[in-house]
Amino acid sequence: MKYLLLAVCLFIISTSTFSQSRAYVVLMDDSFENPIRKSRNNNQNRGEQEVQNKSQRDTKLSKIDNFLTAKGIITSQNKRFVDAGVGFIANLTSDQVNNLQQDPNVKGVFEDFTMQTRARMQTRARMQGETMESDLLYDYATKSSCAVNLVGSSQSARNRSTSIWILDSGIDANHVDLNVNPSQRFSTSFVDGDADPFVDYVGHGTHCAGLAAGNGQGNPGVNGVSAGADLISVKVLDSQGVGTWSSLILALDHVEKFGVAGDVVLMSLGGYGFDNCANSDPVLGEVIRDLGGKGIFMVMSAGNDQGQSSLNLPGCIDGPNIFTVSSYDFNCEGFTQFTTTANFGIPSVDWVAPGENVFSSYPGNRYATMSGTSMSAALVAGLIHSRGGAPADSRRESYQGITYPFAGR
């Protein structure tokens with residue numbers, strides 16, 4: 001009987017300890033190891049670039065493993081990162097957190113939290129071949145949303161060697177309108193329990209992909225702003241459209257490993273209400289600015305919180321080649337009014353683009369309209385990719401006393 005009672009007590013203790021553990025991102029100090037981004041061998045062939053940095057990557061990962069062993073911390077192999085920063089993600093007890101915070105090798109211990117998509121579904125999904133009503137703001141002549149026409153129309157990207165990275169809910173790789181890179185060396189998932197980057201349960205990533213790079217092959221089809229561009233799917237949002245900041249850090253670490261100058265990274269996601277937003281997460285801020293400095297264009301949605309864009313992470317982050325996009329309403333004749341649900345403010349908004357009732361691709365070879373700054377950011381991502389640089393200032397409008405530039409070709 002006493003052995004049974006002992007077993008029950010041990011179970012209660014272990015369950016209590018486990019329940020108190022939470023997910024944390026642990027960032028190591030540069031005195032422990034510098035991230036690869038600070039000394040990366042660059043190569044416009046993304047596969048060769050990864051191989052050229054493999055030796056130092058293996059050394060740094062091994063050092064993290066030794067640190068974890070010494071601390072008695074268990075985490076999976078895919079929860080370590082060394083390219084964007086040096087660190088790991090793990091479930092930690094309060095005692096382990098305190099111990100790490102006292103360690104001179106550790107720069108910071110940050111509790112993980114959630115993020116989500118930025119869009120609202122406006123209509124039911126349409127099947128291939130189904131007639132599109134006029135209120136869907138679709139142009140049969142250009143095989144695109146009228147929003148694409150308003151930012152300067154679609155332009156073929158088939159001869160460009162760079163890619164558009166979609167950090168989102170995945171992309172339906174079987175959609176006839178999308179040119180999704182088939183390599184799971186590049187396309188990947190950082191969502192626990194959902195390893196397939198080519199399946200999109202939410203539809204958000206597939207919709208953004210069509211606006212940025214649809215190739216117009218379907219019926220009725222959608223041409224994106226940089227039509228036919230190579231799309232790399234990095235899944236960070238689950239089947240409910242929710243993800244974690246740790247998954248975004250791992251995704252950006254992945255971009256640091258394989259990204260090349262001229263690539264465009266789209267992040268139509270985030271969270272709101274961060275004081276000192278631009279400095280609230282040192283890992284995100286540092287890596288986004290570093291990628292921008294390497295000539296990789298970072299495009300982010302401003303968010304749909306009816307508030308200040310400077311409180312929206314990661315959209316509050318500024319720097320060279322970093323663009324935050326807000327939204328305006330439109331019809332096929334032109335601009336109508338600023339979107340009242342979108343976040344505004346300078347900083348952090350850099351550009352405004354159409355975002356309400358935008359028609360694009362949807363999983364299952366279907367089409368749908370969605371609204372939000374996600375759609376606006378996707379249009380600008382395609383525009384930057386097709387231009388090979390920042391958008392042109394096509395017009396200016398004032399809203400609540402601030403004048404904003406409209407992205408155009």
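Residues numbered from 1 in each chain as written. Predicted model: local features only at pLDDT ≥ 70, side-chain atom pairs only at ≥ 80, totals over all residues. Heavy atoms only, no water.

Engineer: Honestly, the side chain of histidine 175 in this entry has me stumped. Any pointers?
Structural biologist: Summarising the element assignment, histidine 175 is placed in the loop between β10 (163-168) and β11 (188-189). Given the relative accessible area of 2%, histidine 175 is considered buried. Among the polar contacts listed, one links the side chain of histidine 175 to the backbone oxygen of arginine 366, at a separation of 3.0 Å. Excluding residues that lie within four positions of it along the chain, histidine 175 makes contacts with Gln128, Thr206, Ser361, Tyr362, Asn365, Arg366 and Tyr367. (Helix = DSSP H or I, 4+ residues; strand = E, 2+ residues; numbered from the N terminus. Buried < 20%, exposed > 50% of the residue type's maximum accessible area, 1.4 Å probe, protein only. Polar contact = N/O pair within 3.5 Å; in protein donor to acceptor, adjacent residues only side chain to side chain. Contact = heavy atoms within 4.5 Å.)

Engineer: How should I be thinking about the sheet that holds strand β14 (residues 242-244) in this particular structure?
Structural biologist: Hydrogen bonds between backbone atoms are what pair the strands of a sheet, whose relative direction is either parallel or antiparallel. Strand order in this open sheet of 4 strands is β14-β5-β16-β18, and the pairing throughout is antiparallel. Both edges of this open sheet fall to β14 and β18 (312-313), since each of them pairs with a single strand only. Against the sheet, helix α7 (residues 245-258) makes contact with β5 (114-117), β14, β16 (269-272) and β18, and its axis sits at roughly 70° relative to β14, the strand it touches most. (Pairing = 2+ DSSP bridges. Axes fitted to C-alpha atoms, helices over the stretch in contact; angles between N-to-C directions.)

Engineer: Sorry if this is basic, but what is going on with the state of the cysteines here?
Structural biologist: Joining two cysteines, a disulfide is a covalent bond between their sulfur atoms. All chains considered together, the criterion is met by 2 disulfides. For cysteine 146, the disulfide goes to cysteine 332, at an S-S distance of 1.9 Å. As the torsion about the S-S bond is roughly 80°, the cysteine 146-cysteine 332 disulfide counts as right-handed. On the criterion of sequence distance, the pair formed by cysteine 146 in helix α5 (residues 146-150) and cysteine 332 in the loop between β19 (322-331) and β20 (334-338) is long-range, its members being 186 residues apart. A relative accessible area of 3% places cysteine 146 in the buried class. Judged by relative accessible area, cysteine 332 falls into the partly exposed class, the value being 37%. Note on cysteine connectivity: cysteine 277 is disulfide-linked to cysteine 316, with sulfurs 2.1 Å apart. The sign of the -80° torsion about the S-S bond sets the cysteine 277-cysteine 316 disulfide as left-handed. (Disulfide = S-S within 2.5 Å.)

Engineer: Just to check I follow, could you spell out the UniProt feature "active site" (unreviewed entry) in the protein for this structure?
Structural biologist: Per the UniProt record, "active site" (unreviewed entry) is found at Asp168, His204 and Ser374. Spatially, the listed residues are clustered: although they cover 207 residues, their C-alpha atoms lie within 10.3 Å of one another. Along the chain, aspartate 168 turns up in strand β10. Sequence-distant contacts of aspartate 168, that is, excluding residues within four places in its chain, are made with Thr117, His204, Gly205, Cys208, Val234, Lys235, Val236, Leu237 and Ser268. Turning to its location among the elements, serine 374 is positioned in helix α9 (residues 373-387). (UniProt positions renumbered as here; feature names shortened; annotations may be inferred.)

Engineer: Looking at this structure, how should I read the packing of α7 against helix α8 (residues 282-293)?
Structural biologist: Two quantities define a packed helix pair, namely the angle between the axes and the distance from one axis to the other. At a minimum axis separation of 10 Å, α7 and α8 run at an interaxial angle of 25°. Compared by their axis directions, α7 and α8 come out roughly parallel. The way α7 lies across α8 gives a crossing that is left-handed. The residues of α8 that touch α7, namely those facing Trp245, Leu248, Ile249, Leu252, Val255 and Glu256, are Val283, Leu284, Val287, Ile288, Asp290 and Leu291. (Parallel < 35°, antiparallel > 145°, perpendicular 65-115°, else oblique. Left-handed = near helix turned anticlockwise from the far one by under 90°.)

Engineer: For this particular structure, what's the right way to read the domain arrangement of the protein?
Structural biologist: Interface size is commonly expressed as the accessible surface area that is lost when the partners come together. As far as domains go, the protein holds domain 1 (22-112) and domain 2 (116-408). One C-alpha centre belongs to domain 1, the other to domain 2, and the line joining them spans 29 Å. In this assembly, 25 residues from domain 1 lie in contact with 29 residues from domain 2. Per-residue buried area on domain 1 facing domain 2 is highest for Arg37, Arg40 and Arg46; these three make up 32% of the total on that side. (Domains from an automatic or database assignment. Buried area = accessible area lost by both parts, 1.4 Å probe.)

Engineer: Quick question: what am I supposed to make of α7 here?
Structural biologist: In an α-helix, one turn spans 3.6 residues, which is why side chains three or four residues apart end up on the same side. Between its first and last C-alpha atoms α7 spans 20 Å; for 14 residues at 1.5 Å apiece the expected length is 20 Å, and the two agree. Summarising burial for α7: 14 of the 14 residues are buried, a large majority. (Expected span 1.5 Å × (residues − 1).)

Engineer: Can you walk me through α8 in this structure?
Structural biologist: If you check α8, its first and last C-alpha atoms are 16 Å apart, about what 12 residues at 1.5 Å a residue would give, namely 16 Å. Buried residues of α8: Val283, Leu284, Gly285, Val287, Ile288, Asp290, Leu291 and Gly292, and no others. In this structure aspartate 281 caps α8, since a side-chain oxygen of it lies 3.1 Å from the backbone nitrogen of valine 283. Of the residues trailing α8, glycine 295 is marked for its positive phi of about 85°.

Engineer: I'm lost on the side chain of aspartate 263 in this one. Help?
Structural biologist: Mapping aspartate 263 onto the fold places it in the loop between α7 and β15 (264-267). Overall, aspartate 263 belongs to the buried group, its relative accessible area being 0%. At a separation of 2.9 Å, a polar atom in the side chain of aspartate 263 contacts the main-chain amide nitrogen of serine 163. For aspartate 263, the side chain forms a polar contact with the side chain of tryptophan 165, separated by 3.0 Å. If near-sequence neighbours (up to four positions away) are discounted, aspartate 263 is found in contact with Arg46, Thr162, Ser163, Trp165, Gly295, Ile296 and Phe297.

Engineer: Would you mind going over the sheet that holds strand β4 (residues 106-111) with me for this structure?
Structural biologist: Taken in spatial order, the 4 strands of this open sheet run β2-β3-β1-β4, and their pairing is antiparallel. Of all the strands in the sheet, just β2 (80-81) and β4 have a single pairing partner and so form its edges. In this sheet, strand β3 (residues 87-92) lies alongside β2 in antiparallel orientation, the contact comprising 2 bridges. Paired with phenylalanine 81 across the strands is glycine 87, a residue of β3.

Engineer: What is the right way to look at the environment of glycine 345 in this model?
Structural biologist: Structurally, glycine 345 is set in the loop between β20 and β21 (351-354). Sequence-wise, glycine 345 and tyrosine 399 are 54 residues apart; in three dimensions their C-alpha atoms are separated by 9.3 Å. When neighbours within four sequence positions are excluded, glycine 345 is seen to be in contact with Gln308, Ser309, Ile402 and Tyr404.

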